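Structural characterization, general
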Amino acid sequence: MRIAVVQLCSSEVPSENLALMRASMPDAAGADLVVFPEATMASFSTRSADVAEPLDGPFAQGVRALASEFGTTIAVGMFTPGPDGRPLNTCFVTGPAGEASYDKLHLFDAWGFVESDVMTPGRAPVLIDIAGVKVGLAICFDLRFPELFKHYARAGAAAVIVPASWQSGPGKVDQWRLLAQARALDATVFVVGAGQSEPTASGRPSGPGPLGMGHSLAVGPDGTILHEAGEEPCVFTVDIDPDAVASIRERLPVLAVSRFSVH
């Protein structure tokens, strides 16, 4: 299976971001799955509750149209209405592989910010089968929780995608890279992170909220970085080989010999 990663810098306007997505699709030609960042629908410089839409709303319908036009499956970060006025941070997947939606389980209640004040947490992990490969869905801060990645691996996933809008700051690139490699090694899966590009490198002004720092990346199940982007918008592809996962798990059977169970 081939995955294309699109690194872009979204604006506050969903229709503009659909146009950004469309402009990137030709560079992702031939991919079975095209992964866009967290908050592609609208950047975190706007109030997510103000832009949240259901999965039959205009933004999701626009994503469906793109998937149909280009004949591929798309995974994209958006916001959907929650049960109490706090929206859900959602990874929406649509295309030939079918549809799935995952709501971010682990909210960013850290470093003095309480995301759970403004967002509703998700309730369950989600897997989708794409081109015969099981893919787990995660979002941004989920990358800090090995249990989720081990759950996906034990459920048969060969890869986990991580749309993100990772906040820039001292040591944050190193943490992003290290955590992606650690999760790949913890679960012996491919980890593919699609991040928002750094605003100034994208020709956009900086603003409030985690607007991204770039450095989208793909990590193999042995922890090897297969590709890492810079700060600016870009598209790259990576091939996911389930046989490579099986080979690593035979030689490095951390899941099989673990004395702990993950539910």
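This text follows the structure it describes.
Per-chain numbering applies: the sequence of each chain, read as written, is numbered from 1 onward. Residues qualify for local features only when their pLDDT is at least 70, as the model is predicted, and side-chain atom pairs are given and counted only at 80 or more; totals for whole chains, interfaces and linings, by contrast, use all residues. The basis for every side-chain value is the complete set of heavy atoms in the structure, and neither hydrogens nor water enter the calculation.

Secondary structure follows DSSP: runs of H or I at least 4 residues long count as helices, runs of E at least 2 residues long count as strands, and numbering of each begins at the N terminus. For the protein, the helix and strand inventory stands at seven helices and 14 strands. Radius of gyration means the value over C-alpha atoms here, while the globule rule gives 2.2 Å times the residue count to the 0.38 power. Computed over its C-alpha atoms, the radius of gyration of the protein comes to 17 Å, within 12% of the 18 Å expected for a compact globule of 263 residues. C-alpha extents for the protein along the principal axes are approximately 50 × 40 × 35 Å. Burial classes follow relative accessibility: with a 1.4 Å probe on protein chains only, a residue under 20% of its type's maximum area counts as buried, one over 50% as exposed, and anything between as partly exposed. Residue burial in the protein is summarised as follows: out of 263 residues, 50% are buried. Throughout, a contact is declared for two residues whenever any of their heavy atoms are within 4.5 Å. When contacts within the protein are restricted to residue pairs at least 6 apart in sequence, long-range pairs at least 24 apart make up 69% of them. Every accessible area reported is derived by Shrake-Rupley at a probe size of 1.4 Å, with residue values counting cover from the shown protein chains alone. Total accessible area on the protein stands at roughly 10,800 Å², and carbon and sulfur atoms take up 54% of it. Counted charges follow a simple rule, with Lys and Arg positive, Asp and Glu negative, and His plus the chain ends left uncounted. By convention, the charge on Lys lies at NZ, on Arg at CZ, on Asp at CG and on Glu at CD. Positive and negative side-chain charges in the protein, numbering 18 and 29 respectively, have mean positions lying 7 Å apart.

Relative to the helices and strands, Asp186 resides in helix 5 (residues 172-187). Here Asp186 falls in the partly exposed class, since its relative accessible area comes to 22%. Between the C-alpha atom of Asp186 and that of Lys150, which follows or precedes it by 36 residues, the distance is 6.9 Å.

A few words on the sheet that holds strand 4 (residues 88-94). The strands making up a sheet are joined through hydrogen bonds of the backbone, oriented either antiparallel or parallel. For two strands to be treated as a pair, DSSP must find at least two bridges joining them. One open sheet holds the six strands; their spatial order is 5-4-3-2-1-14, and the pairing between them is mixed. Pairing within the sheet leaves two strands with one partner each, and these edge strands are strand 5 (100-103) and strand 14 (234-239). Taking the axes of each pair of neighbouring strands and ignoring which way they run, one obtains an average angle of 25 degrees across the sheet. Summarising the sheet, strand 4 and strand 5 pair through four bridges and their orientation is antiparallel. Residue pairing across strands places Thr90 opposite Asp103, the latter belonging to strand 5. Between N-to-C directions, angles span 0 to 180 degrees; the directions come from axes that are lines fitted to C-alpha atoms, helices contributing only their stretch in contact.

Here we take up helix 4 (residues 146-154). For helix 4, the set of buried residues is Leu148, Phe149, Tyr152 and Ala153. Looking straight down helix 4, one finds its buried side chains confined to an arc of 135 degrees; they lie on one side. Looking at the residues trailing helix 4, positive phi occurs at Gly156, about 105 degrees. What the arc covers is the set of directions going from the helix axis to the C-beta atoms.

Now for the sheet that holds strand 13 (residues 225-228). A sheet is described by the order of its strands in space; here six strands give the open sequence 8-9-10-11-12-13, paired in mixed fashion. Because the sheet does not close on itself, it has two edges, and the strands there are strand 8 (127-130) and strand 13. The sheet shows a mean angle of 20 degrees between the axes of neighbouring strands, direction not considered. Relative to strand 9 (residues 133-137), strand 8 runs antiparallel, the two being bridged by four bridges. Across the sheet, the residue bridging to Asp129 is Lys134, located in strand 9. Here helix 5 sits on the sheet and contacts strand 10 (159-164), strand 11 (190-195), strand 12 (217-219) and strand 13; the angle it forms with strand 12, its principal contact strand, is near 30 degrees.

The next thing to look at is the nonpolar core. Core analysis: the largest hydrophobic core is formed by 52 residues, its most contacted members being Ile3, Leu143, Phe149, Ile161 and Ile240. Those residues in contact with Leu143 that lie beyond four places of it in its chain are Phe149, Val162, Trp166, Trp176, Leu179, Ala180, Arg183 and Val191. In plain words, nonpolar cores are sets of buried Ala, Val, Leu, Ile, Met, Phe, Trp, Tyr and Cys residues tied together by side-chain atoms within 4.5 Å. Among the nonpolar cores identified, the runner-up in size contains 28 residues, and Leu8, Met78, Phe92 and Met119 belong to it.

The contact between helix 4 and helix 5 brings their axes to 9 Å, and the two run at 40 degrees. On the basis of their axis angle, the class for helix 4 and helix 5 is oblique. Here helix 4 and helix 5 pass one another in a crossing that is right-handed. Contacts between helix 4 and helix 5 involve Pro146, Phe149, Lys150 and Ala153 from the first element and Arg183, Asp186 and Ala187 from the second. To sort the angles, those under 35 degrees are grouped as roughly parallel, those over 145 as roughly antiparallel, those from 65 to 115 as roughly perpendicular, and the leftovers as oblique. The hand of a helix crossing depends on one turn: near helix anticlockwise from the far one by less than a right angle means left-handed, and clockwise means right-handed.

Turning our eyes to something else, we now look at the pattern of salt bridges. In the sections that follow, a salt bridge refers to a side-chain nitrogen of Lys or Arg positioned within 4 Å of a carboxyl oxygen of Asp or Glu. Overall, the coordinates contain 10 salt bridges when judged by the stated rule. Taking the shortest distance from any N to any O, the salt bridge between Asp50 and Arg47 comes out at 2.8 Å. Each member of the pair, Asp50 together with Arg47, is exposed. Notably, a salt bridge pairs Glu115 with Lys104, separated by 3.1 Å at the nearest N-O pair. In this pair, Glu115 is assigned in the loop between strand 7 (113-114) and strand 8 and Lys104 in the loop between strand 5 and strand 6 (109-110), connecting sequence segments 11 residues apart. For Glu115, a relative accessible area of 5% translates into the label buried. A single salt-bridge network, built from bridges that share partners, covers Glu38, Lys104 and Glu115.

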